[in-house]
Every structure is written in structure tokens, then in C-alpha cells.
Amino acid sequence: MAQKKTTTDHTAPQTAPWLLDLNPEQRQAVTHAAGHLLVVAGAGSGKTRTLASRVAHLIANGTDPGRILLLTFTRRAAQEMLKRAEACSPAPGAASRVWGGTFHATANRLLRVYAKPAGLSADFTVMDQGDAEDQLNVLRQEQGLHAKEKRFPRKSTCLAVYSRCVNGTEDIAEVLRRHFPWCANWSKELKILFQAYVTRKQERNVLDYDDLLLYWAELLTDSTLARDIGGRFDHILVDEYQDTNSLQARILGGMATGGARIMAVGDDAQSIYSFRAANVRNMLDFPKQFPGTTVVTLSQNYRSITPILATTNALIGQAQERFTKDLWSTRGDGQKPLLVTCKEESDQDRFIVERVLAHREEGIPLREQAVLFRAAHHSASLELELARRNIPYHKYGGLRFLEFGHIKDLIAFLRIVENPRDDMAWFRVLQLLPGVGPGIAARALRHVTEANRDPAALATFTAPASAVPALQGLALLLGEIYRTPALPPATQVERIRTFYDPLLKERYENAGARARDLQTLEQLATGYRSRRNFLSDLQLDPPTSTSELAGVPLLDEDWLVLSTIHSAKGCEWDVVHVMHASDGCLPSDMATGSPAEIEEELRLTYVAMTRARNFLYVEWPMRYYHTWHRHTDRHIYAQLSRFFSDAVRGTMQEAQSGADGSEDPAASDATARPIADRIRSRWA
Ligand code: ATP
Ligand code: MG
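Here's what I pulled together on the structure shown here. Here the structure is a predicted model, which is why all the values come from computation and not from measurement. (Residues numbered from 1 in each chain as written. Chains lettered and ligands numbered in written order. Predicted model: local features only at pLDDT ≥ 70, side-chain atom pairs only at ≥ 80, totals over all residues. Heavy atoms only, no water.)

**Regarding the packing of aromatic side chains**
And then number 1: The tally for this structure, following the rule as stated, stands at 13 aromatic pairs.
And then number 2: With a centroid separation of 5.1 Å and 90° between ring planes, the pair formed by Tyr162 and Tyr197 is classed as edge-to-face. Here Tyr162, found in helix 6 (residues 155-168), pairs with Tyr197, found in helix 8 (residues 187-204); they are 35 residues apart in sequence, far enough to count as distant.
And then number 3: For Tyr162, a relative accessible area of 5% translates into the label buried.
And then number 4: Ring centres of Phe351 and Tyr617 lie 6.0 Å apart, and the angle between their planes is 70°; on these two criteria the pair is classed as edge-to-face. (Phe/Tyr/Trp six-rings, centres within 6.5 Å; stacked < 30°, edge-to-face > 60°. Helix = DSSP H or I, 4+ residues; strand = E, 2+ residues; numbered from the N terminus. Buried < 20%, exposed > 50% of the residue type's maximum accessible area, 1.4 Å probe, protein only.)

This is the structure:
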């Protein structure tokens, strides 16, 4: 990477609060005065802190906060950084005017403004992944592809192929060859299917998640529009740049030609989203893409004590390809990371709970302690143990909030009134009604279409007697909300809930809990003045933890953090447990197909372990319960994760839980086969 001498602006006093405690390289990045900037550095070296300080610095030096765009991986991350920036900003309240959020949420916001040149209408609605798959399925059937002699790819595969093509900016032949070789023969048909998919979405004024980025990128290919859109911002700052995809890089390129200056920070050793077409080359090629870039590297780690750093350096030292250098820390000495072999899964749970409680006794609150795992279901038995011991916890990741049927139902009502052309939402809602199946739903929709898509027109649809009362009720509800745009979003949700409640009870088990979720959504809606914004936030930044769904916690509440590793990105805790560190779980047996996949699992392990400040525990059970499918499950004998080589173990202390070295004969099935064989052989 070409390095360029930095120009530093000295207008801010050296003692400015946002510069306090920064090392010279961080300070260089924060005060960088001209051109684009890339900060490449390892975990815990202060990249995110540098970004937050830069926001404060820019504002203090006269940049209009409304002309700063801060792109992060989640809304929560953006909010936390802006809180940090606000804390040291000289202008109270200024940081709240910064545009902060994910690429998708920002795209959504910009596309509302630039809907016309994008060929959209500003009231477009967004389809979630399930709807996008269903839409593809409808088209697949319309084209007769489902009835082919050789099985045509499933709807989810079709969407995955489409998404790869769009996000990775690769053509379909290449995507099929590299990622879906078993579908290679369907290239022609898939192309036709995707053509129909795009046309249908445009006719219906709906976008899928990928479209948000795609339309943004396409707008920027027009130089006048690029000047206008990019010209809205003086500075664009991007965190976790290693996990962006080619389309996002293209967007940044377009924004830069419009005048915005780009600052990106990232760590190639933490790139963990290639399954979503993220491409670490974006980061490495940044200086080429943005000529005149200054590259800053950081090598001091401020997060972890030295023994933890020794272990994480040794772990990532096994990576085949790596650009960032080893880190050093002055945080001092402490307990070596503990590698704990547990006899059973229950021993793993017990060990974790006991350590958590012991650390709490020492004064480390639960909230400063986290248990991390590869897959959301890995924490199932630990959660039972925590409940049994009355230890409160919040779980991040794996909460497929938008996939819950009742949430999707409620969103579908809102989508109809937002955009009555949204067919998939109509189909969903109509088929909730008693007496309405796909046939009647299609006819009802045709009727509404002929009446210019006015939802109230449903009242004049001639339906079988059994469906009439419900259809009339729906016509009344949607008609009223549609015609009264000034109705506060929370009131709209309340009316929908009242109508939907009896349907919910008929359709779902545990209707009580689901009804409470919807009440929570209504409460969430009270924070919004516009239905459109409420809907967008709900769909693009859904609650990420059980706590977010449960509402604002009480100040004195304390809880243990459970999180998937993917959702722990960028976070840190005093105490970190990485559980289920056995082969099959970490690396996941779903991701050991190629060396590249295994390498990504290694980086994932690195992300997990580098979250720890003072105490790191890695646990693995020698035997655990594995659910294969709905009907089969069994105990698995595990091996320690392959990533814990001798070199890594050499930096750790080892311990055992639940094992005294001897086998528990009652739990062992080592003798089961000979006995079974003997009993059978009697009759041979
Ligand atoms: P990751 O790669 O995991 O996202 P990061 O590089 O973004 O990490 P930060 O989260 O910004 O690192 O910083 C890690 C910790 O180090 C934070 O607690 C931060 O406040 C602290 N830190 C960063 N820079 C300094 C500094 N110059 N002096 C003291 N503490 C610092
Ligand atoms: Mg960070």
C-alpha cells in the first residue's frame, strides 16, 4: 500500500478532549486534514475510538454535523459511537445530527429523497428475505420452472444466487461456477427468472434488501446525481470495512466522486462475512480505489492484558493470509487464558456459571461478562442452567425477530397501507382471514387492483358468505388507516392489533406471548411520528437482542451477556467465555468445505477471543448433545477445536471441569456394542 505524508491541521488545541489519551498514530488519523484515509489495524487497537474522536474533531473544526455520514454494521454501533463523540464534543447535541447507521438504512433514507430518478415512488416498501423467496417462487411457478424434469433450484437457493450476483458484482455464470456448481446448468433459466423478479418488484414498487444498495449504486453512476448525492456529505466514515462487499465499495467510490472524503477502518484478520459476499480485498485495494489515500496503521492494543494478547497473537498467527501485524499491549500481566476441558456439556455450563458468579463476587458486574458461541443454539443448555440459578441474561444474535409469523403479519398490514401495490403483503394479510385461501385472495387482489389499489375497495368484492364479515372488517380497517395518514403510527398499530388479535389466537400456539410482542411493537411505535420511518427501522434495523425487544431495562438491572460471535463484533467485556470450542462447533461443521471457509472460522475464533479485557476462558465439552434434524438427535464425542495448536495451548493454562480422569461407567456407552453383539449372537 502506498503511504503518503499526512497533512495535519493544527487548528484544534492539542489538549482538546477528543485528542486526550490518543497515541500519535491515532491522533494523526483523527486530525487528518486532506484526502481519503484508511486505518488498518488489529483488534482492540482503537479503530472505533479513533472514528468517534474524528467525528468530535470534525464538528469542533466547523464541519456541519448533518454533512457527516457514519456507516457501521448495526444501528446500535452507530448510536454508541455517536454517544462517545457527543461526550467529548464541544457542541452539545451536535452529534445527534450526524447521519449514522448501516449501509442499508442509509440507502433507504436516500432513496426516499431520490426515488424519482431511481424510477421508484417514494412510498416503496421493503420485502424481507422470506417474501423475496416467496416472490421468486411465484414467478418460478408462473414460468413452469418448478415442473421441470430435473429439479430446479429451490427458492432459497435462487435468492442466494441472485444476492451473490448483485452484492459481489459478479456475473451469474461466475457465481454459479464458484459458489453453486450444482446449479450451473440452470444459468439461462435463472437469468430469465431474475429478469421477471426485477420487473415484478418494479411494477409493485417494492425493493428487497439487496435492491437498497443496488439502486443507491446505480444512482451514483450518473455524474450529476453523484455530485448531488455525494455532495450532501463532506465526510463519510466507515467502521468494520473488512466486512463490506464490492457493491458497498462501489457506492463509496460514487460518493467520493461527488465530493465526500472517505475514512475507512478495518482489520483483515476479523473478516467474517464472506458468506454475505463481503470481500476483504475492498480494504486492501482501498488506496488504489481512492487515489491519494493516507494509510495509518496502529499496533498498540489497549483492550487486553498481555497474556491474552499472547494467546490471540498465536491463534491468528496460524492464518495463511494476513496483512495486519501482531499487536503489543502495555496493559500488564494477569491470569493466563484458561483452556477448560469439560467432561459433559453440563460440566461446561456449571463451570461457566460458577466463574461468572465468582467474578461478580469480585465486583465485576454481570454486564461486563459475556459468553460467546458460534451458533445461536449452542447456548440452549447454558440458558436452562442460568434460568435454574436465577441469573438474568440477555442474548444477542440468532433472534430471528423478523421471521416470527406474528411480526411478519403485523408488518404486512403496515406495508399495505404504505404501498397498496405490495402484492406479497396483500397475500399474507388476506390469507389470514377465515374462509380466504389463495384463490379468493388472488381474486380479491384483482378487484382491488381494478379499483386503483384503494384498500377500501375490498368492501365491494363479492366473496363467499363465510369470508364476507372478515373481508368487510379488513376493508374498514385498511381504508381508515390509508385515508388518515396523520394517524400516529402507534395508533395505527393499535387498530391493527385489535383487528388481528382474534386471528392470532386462532393461528398460533402461545398466542399470549406473541400478543405481548405486538404490544411491545406498539410501544416502540410511540417513538415515531412517521409510519414510514417506523417500518424502515423495524425492517432494516430489527431488535438484535431479547432485551431490545423487552423494552428499556431498569438502570439498576444487571444481566449476563450471551452472544453469537458474529453479533459480538466490535464489542468488549472484562470477562469473556468462548464455549463449545470443539471441532464441529468451532469450526462449524457447516463451514469446513474449503480451506477458505476454515480460514474464516479461524478469524471468527480470533474475533471471539479478542473481545476479552482481563479474563478469557475457552471451554469445550468432550461430549455433548446434538440435534441433527427434528426427529433424530444423539450425543457426540468431541475433539478440541483444531485451532488450538500446541503453540496456542502453550500460551494458555489448562484445566478440567467435571472430570476426575475416570470415566463414569453409567454414562459410558463404550461397552454397549459388545453386550448388544453378545445378546444378538445368541440367536445367530
Ligand atoms: P475491534 O477491532 O475489536 O473493533 P477497535 O480497534 O475498534 O477494536 P476500540 O474498540 O476502539 O478498538 O478500542 C478498544 C479499547 O481500547 C476501548 O476500550 C478503547 O476505549 C480503548 N482505547 C483505544 N485507544 C486508547 C488510547 N489511546 N488510550 C486508552 N485507551 C484506548
Ligand atoms: Mg472496532
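There's plenty left to go through after this.
**Notes on the site of ligand 1**
And then number 1: As a structural note, the neighbourhood of ligand 1 is formed by 18 residues, with Asp21, Lys47, Thr48, Glu572 and Arg611 the closest of them.
And then number 2: In this structure, a nitrogen atom belonging to ligand 1 sits 2.5 Å away from a main-chain N or O atom of Asp21.
And then number 3: The separation between an oxygen atom of ligand 1 and a polar side-chain atom of Gln270 is 2.8 Å.
And then number 4: For ligand 1, whose accessible area on its own is 640 Å², the fraction buried by protein is 87%.
And then number 5: The biggest single contributor to the shell around ligand 1 is helix 2 (residues 47-60), with 3 residues.
And then number 6: The residue makeup of the shell around ligand 1 includes at least three contributed by each of domain 1 (17-114 + 212-298) and domain 3 (306-398 + 557-671). (Near = heavy atom within 4 Å. Polar contact = N/O pair within 3.5 Å; in protein donor to acceptor, adjacent residues only side chain to side chain. Areas by Shrake-Rupley, 256 points an atom, 1.4 Å probe, with all protein chains shown as cover. Domains from an automatic or database assignment.)

**What about helix 16 (residues 380-388)?**
And then number 1: Among the residues of helix 16, Leu382, Glu383, Glu385 and Leu386 are the ones counted as buried. Summarising the axial view, the buried residues of helix 16 lie within an arc of 160°, below the 170-degree limit, and thus occupy one face. Residues of helix 16 that are exposed and angled more than 90 degrees away from the buried face: Leu384 and Arg388.
And then number 2: Asn390, located one to two residues past helix 16, shows a positive phi value of around 60°. (Arc of directions from axis to C-beta.)

**Some points on the side chain of Arg200**
And then number 1: Assignment of secondary structure puts Arg200 in helix 8.
And then number 2: Here Glu142 takes part through its side chain, which lies 2.9 Å from a polar atom of the side chain of Arg200.
And then number 3: Not counting the four nearest positions on each side in its chain, Arg200 is found in contact with Gln135, Leu139 and Glu142. (Contact = heavy atoms within 4.5 Å.)

**Digging into the pairing of strand 16 (residues 612-621)**
And then number 1: In terms of residue burial, strand 16 counts as a mostly covered element, since 9 of its 10 residues are buried.
And then number 2: The sheet contact formed by strand 11 (residues 338-342) and strand 16 spans 5 bridges and is parallel. Along strand 16, the bridge assignment pairs Cys342 with Pro621.
And then number 3: Examined bridge by bridge, strand 15 (residues 573-578) and strand 16 share 5 bridges and lie parallel to one another. Within the sheet, the bridge partner assigned to Val576 lies in strand 16 and is Leu616.
And then number 4: Tracing the backbone out of strand 15, into helix 25 (residues 595-609) and back to the parallel element strand 16 gives a crossover that is right-handed. (Pairing = 2+ DSSP bridges. Right-handed = clockwise from strand over helix to strand, strands pointing away.)

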